[in-house]
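Here is what each chain is made of, one letter per residue.
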Amino acid sequence: MRKSFLTIVTLLLCLSAFAQKKVAWILDVEGNEKQIFVHAFTGISVLETSKFYYGINPDTQSFIWRLEKNATNEGAKKVNNIANMAGAGGQFNSLVSESWQPIPLSPFVSVDKKTIDITTGKVILGEGEDEYSKITQTYFIAEAYVYLVETLTADKQKKLYCIDMNDKSVRWKTVVGSMTGAGKLLKMAGATSSLDVSLSPKVTNSGDFIYRGGKTLFLLKGNSGEIVWQNEVNPGAFFLDNKQEYLVVVDAPSAFGQPKYGEVKLGKKIQALDIKNGQPLWKKPVKLDDSYISSMNVSDSEFLVNSGNSINIYEYKSGQSIWKKGYKAGNVKEVKLLGDNLEVFYGNKQMLIAKSDASEQWKKPIKFDMDEDIEGGVIKKEYEKGILMIHSRGLGFYDKTSGKKIWNFKANTDKVSFDDQSTMVAVLDKKKLYLFNPNLVEKKPEKSKFDIEEPKDIFFFETTEKGYFIVGPQEFLCLDKKGTLVSQKYYKQLEADRLAKAALMAGKIAGDLSTSVQIGSTNSNGETEFAAPFMSPETTRNVEAVSDLQREQLAKIRNQNKLHGKAQVIGNHAFFMEGVKTEAGDQLTMIKVDKNTGEELERFEVGSDRKVVYKIIESQNILYAVVGGKLTAYYLN
């Protein structure tokens, strides 16, 4: 009785702290409150308690769905946490599985081994004969407007599902192999994601799928999942000719000789298969000079392979080499097809060669004033006044025709952000910021050094009406159009789980591929919005590999599944939480900041109870507070 009375008192004290805000609505919840987070792709807010996940709909002021959590898994988490606290070193980790696993770039989430549509709560996979122990691979196939989801069943079967996005139903399912033995399972769990683009399923003219399941390639009927053929060729990458008669397979990488850091090197052999039956076409595989890097079709019958120190053109049907051209630099970074010619970027040079015989079309190459032996990729973006190159050691701007340096400088390019709508580039080098329009810089971008508290956490750069807004979970910088600092603020937080940085800041954009793809989405005013997140150079290159069709179809899915809030003005404000210790005790305060001016528009106290879960959903104009079995929503204005 006393405990219930104290809970009621605590609730009243917490809610009274919001008296200056208008209560929108209140909902009852079961279980101890843990966190509120936003599903990045759909924008739907999710409340997690010790017993349930709740999907929140602010328009109807109700829960969209409620999903009961796996009690056994929750118990295993508690045992594991206690073991860690006791110094047992996480020996119970094997008992714990990840409860909430979003499927990248989709409205689907795997919750305690059930895949749901987060917009409705409908279970898509995980019941009856579709039960699974884990999801192993997922792919969005833009050409077919489907998701392919590979699962591992309790009896170690790998089962592939095709989910039709027109009605979000399972079109078909088929078994694509098995996983036996703990060693294979561990090897699979530790697979890298750097090869995902090379191994993405391909769609044929007839709408069938070429799919890689472990060491085996399958041709699957697009409408039924029926296996037409399968061949164990251990693919590391594969690609099709223009007419889709031939399939070229690159050997998977060997575990030996791989770099400790950076991208995994692929194999040195390629082989062609007949698309009709999956059988080898060439007498024997073709051996490359070095590890495969990239390829492209140069005609209906020929393809080019870049192996780093040389480029080669082969005939699809026979595997015969048409020509080969080596480069002393041993560092062919990029090859572009320009009509009857190829533009080759190698080392620090660029040359135009004929597609027919590799003859050089310029008297001498364009030599860029940059180091020749730069390892890793180079971000190469063309602007009206020149070519911008960003790499691990710095950045530079070069004349398009001569390669002459316009300007360059050394920098640690920790994070890069491109706002293509305003032609602005932001480069963060620890606490130094370079903010510039490449077309307007004559010598080199001016360096601005700011006292950024946590530069590694800065995640977003935005062009505003009056300048620029740069933000992290606990701090912001507001700059004018000249890049001059107008306002800067860092908000301290109390040490508490409830004040975890990731859960406080509305609209946080994660720096991984699944949420970094700049997909245009329509806001409530009918305007298209684009995000400009700070990303590492490697992530930036991965994002650029996403095709226009994928972006278009993903934008379609996102807008169909997005939960639109009632707010008519989106994006003018940022919200932060500040926690300070005072003589009277802990004090938690929400701060509303104008992105255009950096001005604090409003401060409102939210009490002192660290047990309260808070979350601001800026796009919905709502602040959520959860304590004592009550979810309370407050309008921010």
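Up top is the structure these notes are about.
The sections below set out a description of the structure shown in this document. (Residues numbered from 1 in each chain as written. Predicted model: local features only at pLDDT ≥ 70, side-chain atom pairs only at ≥ 80, totals over all residues. Heavy atoms only, no water.)

### Observations regarding the overall build of the protein chain
For the protein chain, the count of helices and strands is 8 helices and 49 strands. The buried share of the protein chain, reckoned over its 637 residues, is 50%. Look at the contacts in the protein chain between residues 6 or more apart in sequence, and 45% of them connect residues 24 or more apart. On the protein chain, roughly 30700 Å² of surface is accessible, and the fraction owed to carbon and sulfur atoms is 48%. (Helix = DSSP H or I, 4+ residues; strand = E, 2+ residues; numbered from the N terminus. Buried < 20%, exposed > 50% of the residue type's maximum accessible area, 1.4 Å probe, protein only. Contact = heavy atoms within 4.5 Å. Areas by Shrake-Rupley, 256 points an atom, 1.4 Å probe, with all protein chains shown as cover.)

### Comments concerning unusual backbone geometry
A positive phi is found at A358, a non-glycine position, where the angle reads about 70 degrees. If you trace the backbone, A358 turns up in the loop between β28 (349–354) and β29 (366–367). Non-glycine residue K430 carries a positive phi angle of around 55 degrees. Its location among the elements puts K430 in the loop between β35 (424–429) and β36 (432–436). By relative accessible area, which is 46% here, K430 ends up partly exposed.

### Focus on the environment of I293
By the secondary structure assignment, I293 is in the loop between β21 (286–287) and β22 (294–297). Given the relative accessible area of 48%, I293 is considered partly exposed. The spacing of I293 and S307 is 14 residues in sequence and 5.3 Å in space, taken between C-alpha atoms. Once residues lying within four places of it in the same chain are set aside, the contact partners of I293 are N306, S307, G308 and V332.

### Observations concerning the sheet that holds strand β41 (residues 485–490)
Spatial ordering of the open sheet is given by β38-β39-β40-β41, a layout of 4 strands whose pairing is antiparallel. Edge positions in the sheet fall to β38 (460–463) and β41, since each has one partner strand and no second. In this sheet, neighbouring strand axes are inclined to one another by 10 degrees on average, regardless of whether the strands run parallel or antiparallel. Sheet topology places strand β40 (residues 475–480) next to β41; 5 bridges connect them, and they run antiparallel. Directly across from F476, in β41, lies its bridge partner K489. (Pairing = 2+ DSSP bridges. Axes fitted to C-alpha atoms, helices over the stretch in contact; angles between N-to-C directions.)

### Some details on the nonpolar core
Grouped together as the largest cluster of nonpolar side chains are 24 residues, with contacts concentrated most on L148, F209, I210, L217 and L247. Excluding residues that lie within four positions of it along the chain, I210 makes contacts with P201, K202, T204, L217, F218, L219, F238, L240, L247 and I275. (Core = buried A, V, L, I, M, F, W, Y, C linked by side-chain atoms within 4.5 Å.)

### Quick look at the side chain of D429
Along the chain, the position of D429 falls in strand β35. When residues no more than four places from it in sequence are discounted, the contact partners of D429 are A411, N412, D414 and Y434.

### With respect to the side chain of S307
Residue placement: S307 occurs in the loop between β23 (302–306) and β24 (310–315). With relative accessibility at 1%, the residue S307 sits in the buried group. Residue contacts for S307: discarding those within four places in its chain leaves L288, D289, D290, S291, I293 and N312.

### So, the packing of aromatic side chains
For the coordinates displayed, the defined rule picks out 25 aromatic pairs. For the ring pair F52 and Y54, a centre distance of 5.8 Å and an interplane angle of 50 degrees mean the geometry is tilted. The pair F52 / Y54 is uniform in exposure class, with both members buried. A centroid spacing of 5.4 Å and a plane angle of 20 degrees characterise the contact between F469 and F476, whose relative ring orientation is stacked. A cation over a ring is seen here: K380 above F345, with NZ or CZ 5.4 Å from the ring centre. (Phe/Tyr/Trp six-rings, centres within 6.5 Å; stacked < 30°, edge-to-face > 60°. Lys NZ or Arg CZ within 6 Å of the ring centre and 35° of its normal.)

### So, the environment of Q157
Mapped onto the fold, Q157 is located in strand β12 (residues 157–164). Residue class for Q157 comes out partly exposed when judged on its relative accessible area of 30%. Once the C-alpha coordinates of Q157 and Y132 are considered, the two residues, 25 residues apart in sequence, prove to be 9.2 Å apart. Residues in contact with Q157, not counting those within four places in the same chain, are T151, L152, V175, G177 and S178.

### Describing the pattern of salt bridges
One pass over the structure, following the stated rule, counts 21 salt bridges. With a closest N to O distance of 2.9 Å, K168 and D117 form a salt bridge. Residue K168 is found in the loop between β12 and β13 (169–178), and its partner D117 is found in strand β8 (residues 115–117); the two are separated by 51 residues along the sequence. Each member of the pair, K168 together with D117, is buried. (Salt bridge = Lys/Arg side-chain N within 4 Å of Asp/Glu carboxyl O.)

### Considering the sheet that holds β24
Strands sit in the order β22-β23-β24-β25 across an open sheet of 4 strands; the sheet is antiparallel. Because the sheet does not close on itself, it has two edges, and the strands there are β22 and β25 (321–326). Along the sheet, successive strands turn relative to each other by an average axial angle of 15 degrees, direction set aside. Inspection of the sheet shows β22 paired to β23 by 4 bridges, in the antiparallel sense. Bridging from a neighbouring strand, S294 pairs with N306 of β23.

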